[in-house]
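Listed below, chain by chain, are the residues.
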Amino acid sequence: MIELSGVTKRYRSGEEWLTVLDDVHLTVEAGEFVSIMGPSGSGKSTLMHILGCLDVPTSGSYRLFGRSIEQLSAQELAWVRNQEIGFVFQNFHLLPRMTAQKNVELPMMYAGVPRRERHRRALELLAQVGLADWAHHLPNALSGGQKQRVAIARALANRPALLLADEPTGALDSATGQEIIDLFLSLNVDGMTVVLITHDADVARRARRIVRIQDGRLVSGAGEEGRS
Amino acid sequence: MNWAETLLSAWTAIRSNKLRSFLTMLGILIGVSAIITIVALGQGGQAAVIATIESPRLQNTIQILPKETLEPGLPQPDQVLSFSDQDFQLARQFPGVADVYYTLYGQATVASGGRVVNASLNAGPQYLNEIAHFTVVQGRMFTVSDVLAHRRVVLLSPSLAEKLFTGSSRIGQTVQIGGQPLQVIGLAEPAQLNLLGNFLGTDYVYMPATTCRDLFPWWSISEMDVQVKPGVDKVDLGNRIVTALNIRVHDSNAFEESTRFYAGLEQTIGQVTRIFTLVIGSIAGIALVVGGVGVMNIMLVSVTERTQEIGIRVSLGATKRAILLQFLTESVLITLIGGVLGVLLGVMGSFVMRAVVGLPTAVSGWAIAVSLVFSTLIGLICGIYPANKAARLNPIDALRYE
């Protein structure tokens, strides 16, 4: 499903060029649960942005579902983000002025799903993450764990094939974090491909495969040997 | 997202920051309401001035004026300024003429028992009530024989009678006008005809034209009204009478039919009010532009504040176009609401001017339409740069923005 080959990302910093990702090769098959683990500054967030089609590599190629991402137009990339990828962020990134239900509906609004169908699906998703009674609450009335559940429901709205989570437990206490990881695991059991980015070894260990990244290079788990 | 959702989302954004949104639209609101009120004043004033200047006359009437009275500047010494009795006799002889009359309007002092009141004097034929628009509420109107016999009879408006007499009986009393005694034969209530009426007062004296000429022989007869029999070609008859009058006084240019004069007058007044409206309107237009700058400023602030929101929306699949439309809709909605509120305030202002201050106003549909289109345009023009800035944000930087 995901094929990164020779992906390099450089940023210009003053006179110097800063290499954030260096010749990254990574393959993720459909149905996998992969953790990408590394310390801060290791380039894992940049990797996540490239995987999520929010950023493009300086060189190398990224094929998602067999399509070369670098050949897609901005509009096609927006469509990929909308339909094929679900994002979960460390700080939840819910829109504060919208209720939980409206937040979940947002990706469906950009997809042009009719109103009635959107409502139904949003309530269904919120029920699925255990928040059926919280649909009409604004994010600031919810706890951290609840917010992350809303964010996960939103990520699932357009039935994407790939879930990308960037430090999803980073802002939660460890018990709540475990619950969120449990939710990811159960989604994975139902067939969802999950790529989770974290610096926390305890969280990473719960994935079926761990990819370690350091100084922009994948140090282990990039190929077949990482799979258990 | 379809347009209804875009609109709803813009409305939510505007509502979530009520005070700021209101202050932002205030500039547009004030500009638009000023334009609506000023145009209403200009148009109302123009209509009222024209109605006042055009001397009243009956339907199916040709009005002939000495041309010299129509020209600007001082009259030439040898020019005809007034009609003579011979002119009237001449006009009466034309076939197709039903009647020829003239009216006299002026100010006169009316005295009775030591009381002196200044009043508007209207004099004319026995059907003057149809020309000057008044209703006899007590007593009688003067008759054709009163006119022919130059009888010293008058009708007073009730407000004038109130000022002159203390007792309850007014009919049969005597008043002094131009040093001559006249008998009051009736009370006549003037109709409110035009909006300037408020400024003209309600004290009126009506009398036969012949009587008035006896009292004030120096008043010139500056118009001749020719009533035409049904089925007669007005234009042709008018031209023939004017030609005959000009031949009689040996001056091909002495008299003229009044249509062209009034058309010219309306044009001149129209030009004056247009310039007035344009000058004050451009000041209001500046207010609109300043308002637009305010909208642009707030939209830029809003884009910066909502950088993270933009990043989130992009990560959820929003296209550049969707982001652009979101902010553009918001900006247009702000100026359009401002415009609508401005129109409401302007229309209210015009009615207040009319009701309280007594200034004539006529709210113009055009001014409303132009204001609304203009405020929408301001929203578009001032929204495009901030919206474009939002759409061009790098999603990663936007997501990281705190």
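As the structure is a computational prediction, the values presented were derived from the model and not from experiment.

### A word on the overall build of chain B
- Assigned secondary structure in chain B consists of 15 helices and eleven strands.
- Scaling as 2.2 N^0.38, a compact globule of 402 residues should have a C-alpha radius of gyration of about 21 Å, whereas chain B reaches 32 Å, well beyond that.
- Taking the principal axes of the C-alpha coordinates as reference, chain B spans close to 100 × 55 × 40 Å.
- Sorting the 402 residues of chain B into buried and exposed places 46% on the buried side.
- Considering chain B, the positive charge centre built from 27 side chains and the negative charge centre built from 27 side chains are found 10 Å apart.

### So, the overall build of chain A
- The helix and strand inventory of chain A stands at seven helices and ten strands.
- A compact globule built from 228 residues should have a C-alpha radius of gyration of about 17 Å, and chain A, at 17 Å, falls within 12% of that.
- Projected onto the principal axes, the alpha-carbon positions of chain A cover approximately 50 × 40 × 35 Å.
- A burial count over chain A gives 54% of its 228 residues as buried.
- Within chain A, contacts between residues separated by at least 24 positions form 70% of all contacts whose residues are at least 6 apart in sequence.
- Of the roughly 9900 Å² of accessible surface on chain A, 48% is carried by carbon and sulfur atoms.
- Computing the positive centroid from 25 side-chain charges and the negative centroid from 26, chain A places the two 7 Å apart.

### Observations concerning the nonpolar core
- Counting residues in each nonpolar core, the largest one holds 70 residues, and the members touching the most others are A:I2, A:L4, A:I36, A:L47, A:L51, A:Y62 and A:L64.
- Setting aside its immediate chain neighbours within four residues, A:I36 contacts A:L26, A:K44, A:L47, A:L51, A:V195, A:L196, A:I197, A:T198, A:V211 and A:I213.
- Of all hydrophobic cores here, the second largest spans 45 residues; its members include B:I62, B:A119, B:V205 and B:L245.

### A closer look at a nonpolar patch on the surface
- Taken together, the side chains of B:W366, B:V370, B:V373, B:F374, B:L377, B:L380 and B:I381 define a hydrophobic patch exposed on the protein surface, amounting to about 720 Å² of accessible area.
- Topologically, B:L377 is positioned in helix α14 (residues 365-391).

### Some details on the pairing of strand β3 (residues 104-112) of chain B
Residue and element names in this part refer to chain B.
- Covered by surrounding structure in β3 are L104, G106, A108, V110 and S112 only, the residues Y105, Q107, T109 and A111 on the alternate face being uncovered.
- As defined by bridge partners, β3 adjoins strand β4 (residues 115-124) across nine bridges and the pair is classed as antiparallel. The residue of β4 that forms the bridge with G106 is L121.
- Here β3 folds back onto β4 in antiparallel fashion, the turn holding two residues, of which G113 has a positive phi close to 55 degrees.
- In this structure, β3 lies alongside strand β7 (residues 174-177), joined through two bridges in antiparallel fashion. By the bridge assignment for β7, V110 is matched with I177.

### Considerations on the domain arrangement of chain B
- When cut into domains, chain B gives domain 1 (3-51 + 267-400) and domain 2 (61-264).
- The C-alpha-based centres of domain 1 of chain B and domain 2 of chain B are spaced at 53 Å.

### Observations concerning the environment of B:S258
Residue and element names in this part refer to chain B.
- Tracing the backbone through its elements, the reader meets S258 in the loop between β11 (255-257) and α11 (259-305).
- By relative accessible area, S258 is classed as buried at 1%.
- In this structure, the C-alpha to C-alpha distance between S258 and P66, residues 192 residues apart in sequence, is 9.2 Å.

Quick notes on the rules
- Residues numbered from 1 in each chain as written.
- Chains lettered and ligands numbered in written order.
- Predicted model: local features only at pLDDT ≥ 70, side-chain atom pairs only at ≥ 80, totals over all residues.
- Heavy atoms only, no water.
- Helix = DSSP H or I, 4+ residues; strand = E, 2+ residues; numbered from the N terminus.
- Rg over C-alpha atoms; globule rule 2.2 N^0.38 Å.
- Buried < 20%, exposed > 50% of the residue type's maximum accessible area, 1.4 Å probe, protein only.
- Lys, Arg positive; Asp, Glu negative; His and termini not counted.
- Charge placed at Lys NZ, Arg CZ, Asp CG, Glu CD.
- Contact = heavy atoms within 4.5 Å.
- Areas by Shrake-Rupley, 256 points an atom, 1.4 Å probe, with all protein chains shown as cover.
- Core = buried A, V, L, I, M, F, W, Y, C linked by side-chain atoms within 4.5 Å.
- Patch = residues over 30% accessible without salt bridge, like charges linked within 9 Å, V, L, I, M, F, W, Y side chains within 5 Å.
- Salt bridge = Lys/Arg side-chain N within 4 Å of Asp/Glu carboxyl O.
- Pairing = 2+ DSSP bridges.
- Domains from an automatic or database assignment.

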